[in-house]
Amino acid sequence: MGTLASIDGRLVPPGAARLSIFDRGFLYGDSIYEVFRTYRGHLFEAEAHLDRLERSGELIGLVLPVPRGLLLARIERTLAASGNDESYVRLVITRGEGEIGLDPALACNPHVVVIVRPLAPPPPDVYRDGVEACVVHVRRNLREAVDPAAKTGNYLNSVLAVREARARGAHEALMLDANGRVTEGSSSNVFAVRAGGLATPPLDGILEGVTRRVVLDLAGQLGLPAAETPLGPEDLFAADELFLTSTTREIVPLVRLDGRAIGSGRPGPVTRRLLAAFRARAGVAPVDS
Ligand code: PMP
């Protein structure tokens, strides 16, 4: 059990897993990636993650160097060799190495890296009591810059957002766009619950979270109205409930925002109902039990 890597199809222990210092992922963040997780040892929503990886590649002109089936096979092989009960899986594709220079044509040998490590889910109190978020000063970058819809190795925006959130004692940073609209968390999507219905920012300047999509699906099944609609920070403060969604954190109640209680200040009934439905969809026991 433990951490294991695969580089271009070769299994390597983490201490020996190396890429060149001339790799463009290292030099410029010129790479794309996905984070998957397993439930009962099986990848969750693997096809949705690979679809997004392909879209990320299209957005930065990086063609997947190996077919999807082979990417999956490499992940599965690394998972099997790791022996973990549940795993976190990071798949990174860098544009490769070449002469130093910005021109992407300087590299023509993309690398495929898989990192598997034991899953470290949030502790139970995160779900039982909820967490605090804050609206940070760092803004989400424009679609016309590095489109937030692409999951690239260029995550400095989110790194700075988390830095600010930690300094303010918050679990997650929520970022606004240049116009002051709510976008998403540093590594999560955000939902508000109003009058029993869900509202979440539209796919315009955010990453399309795989968990976000599953939650919207579940809302439909549970008969909860759900709108993908622009939200301002005032909508978040006025919400009955707030929650974030992400692959590794599932659905986490946000009970305080910038030091102010949201709704009752406790995880709300809609959030808890969705979390129960989500865990049932993933085929595992509710978090409380
Ligand atoms: N937004 C950003 C910026 C992220 O990095 C992530 C994590 N991949 C998410 C949202 C949530 O996406 P997912 O549900 O696919 O993990």
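Look up: the structure comes first, before these words.
Remember, predicted model here, so these are calculated numbers, not experimental data.

Enquirer: Can you help me understand the pattern of salt bridges in this one?
Expert: Between side chains of opposite charge, a pair can form as their charged atoms come close. For the structure on display, the rule yields 22 salt bridges. We note a salt bridge from arginine 212 to glutamate 228, for which the minimum N-O separation is 2.7 Å. In this pair, arginine 212 sits in helix α6 (residues 210-222) while glutamate 228 sits in strand β12 (residues 226-228), placing the two residues 16 residues apart along the sequence. Residue glutamate 228 is classed as partly exposed on the basis of its relative accessible area, which comes to 40%. The closest approach of N and O atoms between glutamate 250 and arginine 279, which form a salt bridge, is 2.9 Å. Taken as a pair, glutamate 250 in strand β14 (residues 250-257) and arginine 279 in helix α8 (residues 269-282) lie far apart in primary sequence, 29 residues in all. In this structure, glutamate 250 and arginine 279 share a single accessibility class: buried.

Enquirer: Would you explain the site of the ligand in this entry?
Expert: Of all residues adjacent to the ligand, which total 17 residues, the nearest are Tyr155, Glu184, Val210, Thr211 and Thr247. Contact distances for the ligand include 2.7 Å between a nitrogen atom and a side-chain N or O atom of glutamate 184. Within the complex, the protein chains bury 97% of what would otherwise be the 390 Å² of accessible surface of the ligand. Looking at the shell around the ligand, the elements with two or more residues in it are β9 (182-185), α6 and β13 (241-246). For the shell around the ligand, the per-class residue count stands at three nonpolar, 10 polar and four charged.

Enquirer: When you look at α8 in this model, what are you seeing that I'm missing?
Expert: It helps to recall that an α-helix has 3.6 residues per turn; residues three or four apart then point in one direction. Under the 1.5 Å per step criterion, the end-to-end length of α8 is 20 Å for 14 residues, consistent within 8% with the ideal 20 Å. Those residues of α8 not exposed but buried are Val270, Thr271, Leu274, Leu275, Ala277, Phe278, Arg279 and Ala282. Among the residues trailing α8, glycine 283 stands out with phi positive, at a value near 80 degrees.

Enquirer: Just to check I follow, could you spell out the environment of proline 286 for this structure?
Expert: Structurally, proline 286 is set in the segment after α8. With 10 residues separating them in the primary sequence, proline 286 and alanine 276 have C-alpha atoms 5.6 Å apart.

Calculation notes
- Residues numbered from 1 in each chain as written.
- Predicted model: local features only at pLDDT ≥ 70, side-chain atom pairs only at ≥ 80, totals over all residues.
- Heavy atoms only, no water.
- Salt bridge = Lys/Arg side-chain N within 4 Å of Asp/Glu carboxyl O.
- Helix = DSSP H or I, 4+ residues; strand = E, 2+ residues; numbered from the N terminus.
- Buried < 20%, exposed > 50% of the residue type's maximum accessible area, 1.4 Å probe, protein only.
- Near = heavy atom within 4 Å.
- Polar contact = N/O pair within 3.5 Å; in protein donor to acceptor, adjacent residues only side chain to side chain.
- Areas by Shrake-Rupley, 256 points an atom, 1.4 Å probe, with all protein chains shown as cover.
- Nonpolar A, V, L, I, M, F, W, Y, C, P; charged D, E, K, R; others polar.
- Expected span 1.5 Å × (residues − 1).

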